[in-house]
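Overview (structure and organization)
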Amino acid sequence: MPAAAERRTITLELGGARVPAIGLFPVTGHSVPGVLLLHGYSSSKERLSSTMGKSLAARGIASLAIDLPLHGSRDDQIIEEARSNPLGLMQHWRTALAEAKDAIAWLGGQQDIDSERLAVAGYSLGSYIALETAARDERVRAVIIAAGGDLPVTPWTGMVRLVTDPVKFVRQLSGRPLLMLHGKSDRTIPAQQAERLFEAASEPKELRWYDSAHILPPAAADDAATWLTRNLAK
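Residues numbered from 1 in each chain as written. Predicted model: local features only at pLDDT ≥ 70, side-chain atom pairs only at ≥ 80, totals over all residues. Heavy atoms only, no water.

**A short note on the layout of surface pockets**
The calculated volume of the second largest pocket comes to roughly 450 Å³. What lines the second largest pocket is a set of 22 residues, and nearest its centre among them are Arg47, Leu48, Tyr123, Ile215 and Leu216. For the lining of the second largest pocket, the secondary structure elements donating two or more residues are α1 (45–58) and α8 (218–231). Among the elements that make up the lining of the second largest pocket, the one with the highest residue count is α1 (five residues). For the lining of the second largest pocket, a count of residues per class yields 12 nonpolar, eight polar and two charged. (1 Å grid on protein atoms, 1.4 Å probe; cavity = no way out; pocket = protein on both sides within 12 Å on 5 of 7 lines; lining within 4 Å. Points joined across faces, edges and corners; volume = space filled by probe spheres on them. Helix = DSSP H or I, 4+ residues; strand = E, 2+ residues; numbered from the N terminus. Nonpolar A, V, L, I, M, F, W, Y, C, P; charged D, E, K, R; others polar.)

Put into structure tokens, the structure is as follows:
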């Protein structure tokens, strides 16, 4: 992280919960764009903040990475029960969406953030939350989906789409820029799922492939930061 960026470890009141977060704020003397970072399953705020957040800070873009419910340093109660209980998981999904919405509002309300230049970036599990958050919040000007895609085709896909439907939400971006980053040999979210989601999106959109599996190479973070620099320009 460059010396001109300030790292803030904070706890925010989001969606009615106390949520641990890491902010990286470039010290520039003027307002800068801001990006909400949403990590993947079994990951944490530290992972995205130290990769994509660092690349963003180097380009004068602030970021806020939060721990999603049941992840990182969250002290949510009855964690194991919630993970094995479908109704519990559904409630935590709604909680994650509420927290992401509030995080966008918090970020846009900071004195050193340009509220007209906000974006959201999600990795794997976080990509589904990022996409739905952006679809429901027009303050989000650009979206990055890393290692994410459409739902897998299973006997339960129709039921899952009642909870979240990536294809429906990507169509609701209404022409806001979309960048998708995906590994060619990803087995967690196979390439076909990424392609289905990309085909459903309207322009402007871009899909970049990497010679990797579900964990994308460091170059992906730099590519994302460069893309956001261009798409959040005044």
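**A closer look at the side chain of Thr164**
Examined against the element boundaries, Thr164 turns out to sit in the loop between α5 (157–161) and α6 (166–171). Residue Thr164 is classed as buried on the basis of its relative accessible area of 7%. There is a polar contact of 3.3 Å between the side chain of Thr164 and the side chain of Glu132. Apart from residues no more than four positions distant in its own chain, Thr164 is found in contact with Trp93, Glu132, Leu151 and Phe169. (Buried < 20%, exposed > 50% of the residue type's maximum accessible area, 1.4 Å probe, protein only. Polar contact = N/O pair within 3.5 Å; in protein donor to acceptor, adjacent residues only side chain to side chain. Contact = heavy atoms within 4.5 Å.)

**What about the pairing of strand β7 (residues 178–183)?**
Most of β7 sits out of view: six of its six residues are buried. Alignment of β7 against strand β8 (residues 205–210), held across six bridges, turns out to be parallel. Of the residues in β8, the one forming a bridge with Leu181 is Arg208. (Pairing = 2+ DSSP bridges.)

**Observations concerning a nonpolar patch on the surface**
A contiguous nonpolar patch, built from Trp156, Met159, Val160, Leu162 and Val163 and spanning about 560 Å² of accessible area, is present on the exposed surface. Classification of Met159 by relative accessible area gives exposed; the value is 57%. (Patch = residues over 30% accessible without salt bridge, like charges linked within 9 Å, V, L, I, M, F, W, Y side chains within 5 Å. Areas by Shrake-Rupley, 256 points an atom, 1.4 Å probe, with all protein chains shown as cover. Salt bridge = Lys/Arg side-chain N within 4 Å of Asp/Glu carboxyl O.)

**Some remarks on the packing of aromatic side chains**
According to the stated counting rule, one finds one aromatic pair in the structure shown. Ring geometry for Phe25 and Trp106: centres 6.5 Å apart, planes at 70°, overall edge-to-face. Here Phe25 is found in strand β2 (residues 17–26), whereas its partner Trp106 is found in helix α3 (residues 86–108), with 81 residues between them in sequence. What makes Trp106 partly exposed here is its relative accessible area of 24%. A cation sits over an aromatic face here: Arg8 above Phe25, 3.9 Å from the ring centre. Positioned above the aromatic ring of Phe198, the side-chain terminus of Lys205 is 4.5 Å from the ring centre. (Phe/Tyr/Trp six-rings, centres within 6.5 Å; stacked < 30°, edge-to-face > 60°. Lys NZ or Arg CZ within 6 Å of the ring centre and 35° of its normal.)

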